[in-house]
Amino acid sequence: MTRHDFLVKWGVYALALLPVWLLETYVFARLPLFGVRPMLLPLAVAAVAVLEGAAAGAGFGLGVGALAVACGGAEAWQILVMMAAGLGTGLLSQYLLRQDLLGCLLCSALNLAAVDGVRIGLRLLAGSAGLEPMLRLAGAELLCSLPFVIPVYGIFLWVFRRVPKSTHF
């Protein structure tokens, strides 16, 4: 793959991330569903990692986490969690799961659980909230977020099918 093809490919992935990020950051921040804000960025990381593999998933997760932190919608630890989620999702999809919507759905659930798990762990260490309310909130976030796997995966699958692929000689 040429450098130009590489830049075009990841530029298009970044453009595809834009509506997902806008929806999470500006729409669901003001209009939560059933009292919770769906998390869409972990779904985007899962979709790209399922389609592109572990290394690309980790890089995309790093970029998504950095975007979320830079725009004030996330805490700094989420950069590492998103990168690890992309790496783990890519490895799961390369070696254990099919690289399709069902695999993306399972990996998205794991990514959402990882983000909420770290968030809950940090809050418990700080003593800022009780475990039961946080688990209830995390479950509601997971249930409200998972239906969005279908459109998010669809966006990134469309990009995956139309961007240049690597050429092996």
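Procedures and definitions
Residues numbered from 1 in each chain as written. Predicted model: local features only at pLDDT ≥ 70, side-chain atom pairs only at ≥ 80, totals over all residues. Heavy atoms only, no water. 1 Å grid on protein atoms, 1.4 Å probe; cavity = no way out; pocket = protein on both sides within 12 Å on 5 of 7 lines; lining within 4 Å. Points joined across faces, edges and corners; volume = space filled by probe spheres on them. Helix = DSSP H or I, 4+ residues; strand = E, 2+ residues; numbered from the N terminus. Nonpolar A, V, L, I, M, F, W, Y, C, P; charged D, E, K, R; others polar. Expected span 1.5 Å × (residues − 1). Bend = angle between axes of the 7 residues up to and from the residue. Buried < 20%, exposed > 50% of the residue type's maximum accessible area, 1.4 Å probe, protein only. Contact = heavy atoms within 4.5 Å. Salt bridge = Lys/Arg side-chain N within 4 Å of Asp/Glu carboxyl O.

### A look at the layout of surface pockets
Then, in step 1: Its boundaries defined by the atoms lining it, the largest pocket holds a volume of some 540 Å³.
Then, in step 2: Lining the largest pocket we find 25 residues, and of these M39, G73, Q78, R119 and E141 sit closest to its centre.
Then, in step 3: Elements with a minimum of two residues in the lining of the largest pocket: α1 (3–27), α2 (41–52), α3 (54–70), α4 (77–95), α5 (101–126) and α6 (131–145).
Then, in step 4: Among the elements that line the lining of the largest pocket, the one with the most residues is α5, at 5 residues.
Then, in step 5: Residue classes in the lining of the largest pocket are distributed as 14 nonpolar, 4 polar and 7 charged.

### Notes on α1
Then, in step 1: Relative to the 36 Å expected for 25 residues at 1.5 Å per residue, α1 spans 35 Å between its end C-alpha atoms, a close match to the ideal helical length.
Then, in step 2: The axis of α1 is deflected most strongly, by about 25 degrees, at L18, and proline P19 appears within four residues downstream.
Then, in step 3: Among the residues of α1, those classed as buried are K9, Y13, A16, L17, V20, W21 and E24.

### Some words on unusual backbone geometry
Then, in step 1: Here the phi dihedral of F34 falls at roughly 55 degrees; this positive angle occurs in a residue that is not glycine.
Then, in step 2: The residue F34 is located in the loop between α1 and α2 in this model.

### Describing the environment of V115
Then, in step 1: Of note, V115 is situated in helix α5.
Then, in step 2: Taking the relative accessible area as the measure of exposure, V115 reaches 3% and is therefore buried.
Then, in step 3: Distance from V115 to Q78, taken between C-alpha atoms, is 7.3 Å for residues 37 residues apart in sequence.
Then, in step 4: Beyond its immediate chain neighbours, meaning those up to four positions away, V115 contacts M39, P42, W77, Q78 and V81.

### Considering α5
Then, in step 1: For α5, spanning 26 residues, the distance from its first C-alpha to its last is 37 Å, which sits close to the expected 38 Å at 1.5 Å a residue.
Then, in step 2: Tucked inside the fold, the buried residues of α5 contact α2, α4, α6 and α7 (149–162).
Then, in step 3: Of the residues flanking the end of α5, it is G127, one or two places downstream, whose phi is positive at about 70 degrees.

### Remarks on the pattern of salt bridges
When the charged atoms of two side chains lie near each other, side chains of opposite charge can form a pair.
Then, in step 1: If you walk through the whole model with that rule in mind, you get 6 salt bridges.
Then, in step 2: For D116, the salt bridge is made with R119, and the minimal N-O distance between the two is 2.8 Å. Of the two residues, D116 and R119 are both situated in helix α5; the distance of 3 residues between them amounts to about one turn of the helix. The burial state of D116 is the same as that of R119; both residues are buried.
Then, in step 3: With a closest N to O distance of 2.8 Å, R136 and E132 form a salt bridge. Here R136 pairs with E132, and both are found in helix α6, just 4 residues apart, close to one helical turn. Neither residue differs from the other here; R136 and E132 are each classed as exposed.

Worth remembering: the numbers are spatial, not functional.
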